[in-house]
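Residue-level listing of the chains:
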Amino acid sequence: MLALLFNILIHSALASETATKAAQKLERAIGACPSCKPALTRTSGDHPLGAAEVEDVNGRKFEMSVMNDEFALKIFQEMTEQGKIPFGFPEDGCYARAHEMSYQLDKKKIYTGKVFATGNFRVDHDKTEKGAVTWQFHVAPVVIVDDGKAKRFWVIDPSLFYEPTTLASWLEALTAHPKSRLKEAFVTNRFIYVPRARGRKLDAFDRKDLDSTRAVMKKYLRTDQKRAKQAADSL
């Protein structure tokens, strides 16, 4: 029993270190934002501060919105409160959830990226029948948050978190379980739908990807709504 506990603690420490290093490596791709407004003014939580250039997994540059943590929380809440995206069905469909969020935010001129993680992941989750989910990849929208000292990637992933979180924390959540292993983490622009499409040169949302997004969400939204009703009835 003590040996098992020791191994779990060792894995947890290694997962945290691996997640931190992977996040730091990706965040080196964040460029300067000379036109960005200050992050800590009275009104800086009402809108993006500007946009910074980011280098994607293929070395191509694209613009991503920069904001403070207050605005990041606002867009996170906006995504969760609409009831149109099945965050309560984490077993599958992360690619569709991420694409729909990125598409909706794009229409508001809030420009996200996507962060993909590949490997073998097992994540404890109380909304599933088995109490856990297993994935070979996971994806969510990512934005740049300026805390007044540094600019870092923050992830918008209501399927796993109740608020926006740092990229390091997101990766750590994916790899915390002893059976989880991270193979690769990479950033793309908001138009890339799935990991195998990482090399596509897109500067707009592909209509076929959007059609697939809506079909996937429709498929899982019914189960999500059923689970939400069961949780409410149990109170």
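Residues numbered from 1 in each chain as written. Predicted model: local features only at pLDDT ≥ 70, side-chain atom pairs only at ≥ 80, totals over all residues. Heavy atoms only, no water.

## Observations concerning the confidence of the model for the protein
Our working definition: What pLDDT conveys is the predictor's confidence in a given residue, as a value from 0 to 100. Pairs of residues are marked as contacts when any of their non-hydrogen atoms sit within 4.5 Å.
Residue-level pLDDT values for the protein average 91, and 94% of them are 70 or greater. Note on residues 2-9: pLDDT under 50 across the span, and 1 contact to partners over four residues away in sequence or across chains.

## Re the packing of aromatic side chains
Each aromatic ring pair is described using two quantities: the centre-to-centre distance and the angle formed by the ring planes. Inclusion rule: Aromatic rings from Phe, Tyr and Trp, taking only the six-membered ring of Trp, are treated as a pair when their centres fall within 6.5 Å; an angle between ring planes under 30 degrees marks them as stacked, one over 60 as edge-to-face, and anything in between as tilted. For the purposes of this entry, the term helix denotes a DSSP run of H or I that reaches at least four residues, the term strand denotes a run of E that reaches at least two, and both are numbered from the N terminus. Buried, partly exposed and exposed residues are distinguished by accessible area as a fraction of the type maximum, computed with a 1.4 Å probe on protein chains only: under 20%, between the cut-offs, and over 50%, respectively.
Counted under the stated rule, the structure contains 6 aromatic pairs. Residues Phe 116 and Phe 186 carry aromatic rings whose centres are separated by 5.3 Å and whose planes lie at 15° to one another, so their mutual orientation is stacked. With Phe 116 in strand β3 (residues 113-124) and Phe 186 in strand β7 (residues 181-189), this pair connects stretches of sequence that are 70 residues apart. Using a relative accessible area of 0% as the deciding quantity, one classes Phe 116 as buried. Accessibility expressed as a relative area gives 3% for Phe 186, which makes it buried. For the pair Phe 191 and Phe 205, a centre-to-centre distance of 4.9 Å together with 85° between the ring planes defines the contact as edge-to-face. Taken together, the residues Phe 191 in the loop between β7 and α5 (207-233) and Phe 205 in the loop between β7 and α5 connect sequence positions 14 residues apart.

## A few points about helix α4 (residues 167-175)
Condition: The directions considered for the arc run from the helix axis to the C-beta atoms.
All of the buried residues in α4 are Leu 167, Ala 168, Trp 170, Leu 171, Leu 174 and Thr 175. Considered in projection along α4, the buried side chains sweep an arc of 160° and stay on one side of the axis.

## Structural notes on empty space enclosed by the protein
Quick reminder of the rule: A 1.4 Å probe that fits but cannot get out identifies a cavity on a 1 Å grid over protein atoms alone, an open set with protein on both sides within 12 Å along at least five of seven lines counts as a pocket, and a residue lines either if it has an atom within 4 Å of a point. Grid points are joined across faces, edges and corners, and a volume is the space filled by probe spheres set on the points. Note on residue categories: nonpolar means Ala, Val, Leu, Ile, Met, Phe, Trp, Tyr, Cys or Pro, charged means Asp, Glu, Lys or Arg, and polar means any other residue, Gly included.
As enumerated under the stated definition, the model contains 2 cavities of 30 Å³ or more in all. Taken as a whole, the largest cavity encloses approximately 40 Å³ of empty space. In terms of lining, the largest cavity is formed by Phe 87, Cys 94, Arg 97, Ala 98, Met 101, His 138, Val 139, Ala 140, Pro 141, Asp 157, Pro 158 and Ser 159. Looking at the lining of the largest cavity residue by residue, the class counts come to 8 nonpolar, 2 polar and 2 charged. In this model, the second largest cavity occupies a volume close to 30 Å³. The wall of the second largest cavity is formed by Asp 56, Asn 58, Arg 60, Thr 188, Asn 189, Ile 192, Arg 198 and Arg 200. Residue classes in the lining of the second largest cavity are distributed as 1 nonpolar, 3 polar and 4 charged.

## Topic: the side chain of Asp 157
In plain terms, the rule: In this count, Lys and Arg are taken as positive residues and Asp and Glu as negative ones, while His and the chain termini are left out. By salt bridge we mean one thing: a side-chain nitrogen of Lys or Arg within 4 Å of a carboxyl oxygen of Asp or Glu. In protein, a polar contact requires one atom able to donate a hydrogen and another able to accept it; more generally it is a pair of N or O atoms within 3.5 Å, and residues adjacent in sequence count only if both atoms are side-chain atoms.
Counting through the fold element by element, Asp 157 comes out in the loop between β5 (151-155) and β6 (165-166). For the buried Asp 157, no salt bridge is present, and the opposite-charge side chain at shortest range is Arg 97, 5.3 Å distant. A polar atom in the side chain of Asp 157 sits 2.8 Å from the side chain of His 138. Not counting chain neighbours up to four residues away, the residues in contact with Asp 157 comprise Phe 76, His 138, Ala 140 and Trp 170.

## Notes on the pattern of salt bridges
A full pass over the atoms with the stated rule returns 13 salt bridges. Of the charged contacts in the structure, one is a salt bridge between Asp 147 and Arg 152, with a shortest N-O distance of 3.6 Å. Judged by its relative accessible area of 38%, Asp 147 falls in the partly exposed class. Here the residues in one salt-bridge network are Arg 200, Asp 206 and Asp 209, joined through shared partners.

## Examining helix α2 (residues 69-81)
Going by this rule: Each residue after the first adds 1.5 Å to the expected span of a helix.
The first and last C-alpha atoms of α2 sit 18 Å apart over 13 residues, in line with the 18 Å expected at 1.5 Å per residue. Those residues of α2 not exposed but buried are Phe 71, Ala 72, Ile 75, Phe 76 and Met 79. Seen along its axis, α2 keeps its buried residues to an arc of 140°; they face one direction. Where α2 is buried, its residues touch β2 (61-67), α3 (94-107) and β4 (132-146). Here α2 starts with a cap whose side-chain oxygen sits 3.2 Å from the backbone nitrogen of Glu 70, and that cap is Asn 68. Of the residues flanking the end of α2, it is Gly 83, one or two places downstream, whose phi is positive at about 70°.

## Focus: the state of the cysteines
Inclusion rule: Note on terminology: disulfide denotes any pair of cysteine sulfur atoms within 2.5 Å.
Evaluated as defined, the whole model comprises 1 disulfide. Paired by a disulfide, Cys 33 and Cys 36 hold their sulfur atoms 1.8 Å apart. Here the S-S torsion is close to 85°, and the disulfide linking Cys 33 with Cys 36 is therefore right-handed. Residue Cys 33 is classed as buried on the basis of its relative accessible area, which comes to 11%.

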